[in-house]
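Residue strings, one per chain:
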Amino acid sequence: MDLYWQNKIVLITGGSSGLGKVLARHFLENSAQVILVARHEKGLSDAVDELQAISSKVSLLAADVTSTESVEELYDQVSKKYSRLDLLLNVAGRSTRGNALEVPVEEFQEIWDLNFLSIVRTTQTFAPLLKDSQGTIVNIGSLASKGVSPFLGAYPVSKFSVAAYSAQIRQELQPFGVHVLLVCPGPIHRSDSNSRYLKEAKGLPGDAGKPGGGIQIAGLDADRLADKILLYAKKKRAELIMPAKAKILFVLSQISPRLGDWIIKIVGPKK
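Residue positions within a chain follow its written sequence, with the count starting from 1. Residue-level local features of this predicted model are given only where pLDDT is at least 70; pairs of side-chain atoms are given and counted only at 80 or more, and the full residue set underlies all totals for whole chains, interfaces and linings. Side-chain figures throughout are based on the complete set of non-hydrogen atoms in the structure, without hydrogens or water.

Student: What exactly am I supposed to notice about the overall build of the protein here?
Tutor: Numbered from the N terminus, helices here are DSSP runs of H or I no shorter than four residues, and strands are runs of E no shorter than two. Across its full length, the protein holds eight helices and seven strands. Computed over its C-alpha atoms, the radius of gyration of the protein comes to 18 Å, within 12% of the 18 Å expected for a compact globule of 271 residues. The principal-axis extent of the C-alpha atoms belonging to the protein is close to 55 × 40 × 35 Å. Evaluated residue by residue, the protein yields a buried proportion of 51% over its 271 residues. Contact criterion: two residues are considered in contact whenever any of their non-hydrogen atoms come within 4.5 Å of each other. Contacts in the protein between residues far apart in sequence, at least 24 positions, make up 74% of those at least 6 positions apart. Just so you have it, the protein exposes about 13300 Å², and 52% of that area is on carbon and sulfur atoms. Based on C-alpha atoms, the radius of gyration is set beside the globule rule, defined as 2.2 Å times the residue count to the power 0.38. Accessibility here uses a 1.4 Å probe with only protein chains present; expressed as a share of the type maximum, an area under 20% marks a residue as buried, one over 50% as exposed, and anything in between as partly exposed. Only the protein chains shown count as cover for residues, with accessible areas throughout obtained via the Shrake-Rupley method and a probe of 1.4 Å.

Student: Quick question: what am I supposed to make of the pattern of salt bridges here?
Tutor: Opposite charge on two side chains makes pairing possible when the charged atoms of those side chains draw close. Between Lys or Arg on one side and Asp or Glu on the other, a salt bridge is scored when a side-chain nitrogen of the former is within 4 Å of a carboxyl oxygen of the latter. If you walk through the whole model with that rule in mind, you get 10 salt bridges. Close ionic contact of Arg121 with Asp113 constitutes a salt bridge, the shortest N to O distance being 2.7 Å. Owing to a relative accessible area of 16%, Asp113 belongs among the buried residues under this scheme.

Student: Sorry if this is basic, but what is going on with unusual backbone geometry here?
Tutor: Each neighbour pair has its own omega, and for Met242 with Pro243 the value is 0 degrees, a cis peptide bond. Despite not being glycine, Gln134 shows a phi value in the positive range, around 50 degrees. Counting through the fold element by element, Gln134 comes out in the loop between helix 4 (105–133) and strand 5 (136–140). In this structure, Phe151 takes a positive phi of about 70 degrees despite not being glycine.

Student: Is there a simple way to think about the sheet that holds strand 4 (residues 87–90) in this case?
Tutor: Strand pairing in a sheet is mediated by backbone hydrogen bonds. Such pairs are either parallel or antiparallel. Two strands qualify as a pair provided DSSP detects at least 2 bridges between them. Ordered by their spatial adjacency, seven strands build an open sheet running 3-2-1-4-5-6-7, and the pairing between neighbours is parallel. Both edges of this open sheet fall to strand 3 (58–62) and strand 7 (239–242), since each of them pairs with a single strand only. With strand direction ignored, the average angle separating the axes of adjacent strands in the sheet is 15 degrees. Two strands pair when backbone bridges link them, and strand 1 (residues 9–13) and strand 2 (residues 33–38) are joined in this way by five bridges, in the parallel orientation. Among the inter-strand pairings, Ile12 is bridged to a residue of strand 2, identified as Leu36. Only the stretch in contact is used when a helix axis is fitted, and all axes are lines through C-alpha atoms; the angle between N-to-C directions ranges over 0 to 180 degrees. Helix 3 (residues 68–82) contacts strand 1, strand 2 and strand 3 of the sheet and is inclined by roughly 150 degrees relative to strand 3. In this fold helix 4 packs onto strand 1, strand 4 and strand 5, with an angle of close to 180 degrees to the strand it touches most, strand 4.

See below:
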C-alpha cells in the first residue's frame with residue numbers, strides 16, 4: 001500500500017464501470033476515500049457493492065456531468081460531507097465512429113458535452129475545494145487528444161479540447177498549488193473490444209469498428225494504466241501517454257503533418 005494516498009478524498013466521474021471502476025479499486029487498495037459518480041444509480045450501486053469487498057471507504061453520488069445544475073448539487077453534497085477534495089478524476093466519456101462529414105451536428109454537440117464540457121463543469125465547480133487542499137486534477141483524454149485517425153466521428157474534436165484545456169488550467173492553477181495531469185491512453189482492452197462499435201461503423205472501412213478505429217495497436221491493460229495514473233499523479237507529472245511509443249508519431253506529425261498522415265495510412269483501418 002502506498003501511504004501517500006491514505007485517507008485522500010478522491011472523486012471519480014464515470015466511476016460505475018470501465019476505467020473509472022478500475023481506478024476506484026486501485027485507490028481503495030491504497031486506503032483512499034473514494035466517491036464514485038455516474039448518471040445511473042443502479043450501475044453505481046452495483047459498483048459500490050463490488051468495491052466494498054475491498055474497502056468500506058467507498059461511497060456513491062448520482063450526478064449528470066452534462067448538467068451544470070447537477071454538478072453544482074454534487075459539489076454541495078461533497079463539500080458538506082467531506083469539506084475537502086484531494087483528487088478529481090474526470091473519467092466520464094465515450095468514443096464513437098463515423099465519417100466526420102456525415103456526423104450530425106447534434107452528435108458533435110452530444111459528444112462535446114460529455115467528453116469535454118463535463119470536465120469544464122466539474123473543474124470550475126470543484127476548484128475552490130481543490131485550491132484549499134492543493135489537490136490534483138486528472139483528465140482522461142485519449143491518443144486522439146494528440147493525433148487523429150479517420151472515421152472516429154466527433155470523438156477526436158472532443159478529446160483534442162481536453163488536451164488544450166488541461167494545458168491551460170495547469171498553468172493557471174499552478175500558483176494555487178493545484179496539479180493537473182492529462183492522461184492520453186490508447187484503446188483499453190475489454191471483452192467486447194472488437195464488437196462494441198460495429199453498428200456505428202457500418203458502411204465504413206472494415207476495421208473502423210475495432211479499437212482505436214482500426215489503428216494497429218495492442219489494447220492496454222486497465223490495471224497497468226491505473227497503476228501509471230496513480231504514480232504520475234503522485235509525482236505531479238503533467239502528462240501520461242500510453243503506449244509511450246505513440247509520442248514518436250505525435251512529434252513527427254507536428255514536424256510534418258503529411259508525414260503523420262502517411263504513417264496513419266499505413267497503420268490505420270484497412271478495407
